[in-house]
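# Structural characterization, general
So you can see what is in the structure, the chains are spelled out below.
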Amino acid sequence: MGEIFQAECGCGYRSGDLAVGCGMADMNRYNVPVACPVCHSVRVVELQHSPRRCRKCKMEVYYLHEAGNFAPADVARVFRVPYPWELDSTTVAVDERPAVRYRCPKCWQMTLRLESCGCWD
Ligand SMILES: [Zn+2]
Ligand SMILES: [Zn+2]
């Protein structure tokens with residue numbers, strides 16, 4: 001089961017739907033959100049085969065991680081940074097999760113939230 005998020009920030013930034021996690025159709029696929037600081041965008045890429053660079057501007061993209069900063073993809077992986085959506089396997093309701101804030105790719109403040117808007121698959 002994957003979960004759909006939208007990234008929202010007080011500066012007005014709002015991403016499109018982010019289908020995070022893995023779907024039933026392909027369990028080997030695991031989507032994680034990444035942000036491009038140049039295009040000011042958050043979107044999902046496949047964890048295993050994710051390109052390290054933005055398709056549009058070729059800038060290096062970053063995973064959002066729980067400490068709230070951008071972490072280079074390989075660093076996040078090496079340190080096994082926990083992702084908040086991995087609480088999915090528990091019965092903890094979304095709104096009881098600890099409030100996690102991320103660095104916004106638009107205003108660069110630590111005010112970006114991931115809001116759950118449902119499940120996919
Ligand atoms: Zn870009
Ligand atoms: Zn912002």
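Because the structure is predicted, anything quoted here is derived from the model rather than measured.

Along the backbone of the chain there are one helix and seven strands. Mapped in sequence order, the helices and strands of the chain form the string β-β-β-β-β-β-α-β. By residue count, 27% of the 121 residues in the chain fall in the buried class. Residue pairs at least 24 apart in sequence account for 47% of intrachain contacts in the chain once pairs closer than 6 positions are excluded.

This brings us to the nonpolar core. Ranked by internal contacts, the top residues of the largest apolar core, which has 19 residues, are A7, L18, V34 and A35. Looking at this core, the elements with two or more residues in it are strand 1 (2-8), strand 2 (18-23), strand 3 (26-36), strand 4 (41-46) and strand 5 (62-64). Ranked by the residues each element gives to this core, the list is headed by strand 3, at four residues.

Conventions used here
Residues numbered from 1 in each chain as written. Chains lettered and ligands numbered in written order. Predicted model: local features only at pLDDT ≥ 70, side-chain atom pairs only at ≥ 80, totals over all residues. Helix = DSSP H or I, 4+ residues; strand = E, 2+ residues; numbered from the N terminus. Buried ≥ 20, exposed ≤ 12 C-beta atoms within 10 Å, placed from the backbone. Contact = placed C-beta atoms within 7 Å. Core = buried A, V, L, I, M, F, W, Y, C linked by C-beta atoms within 7 Å.

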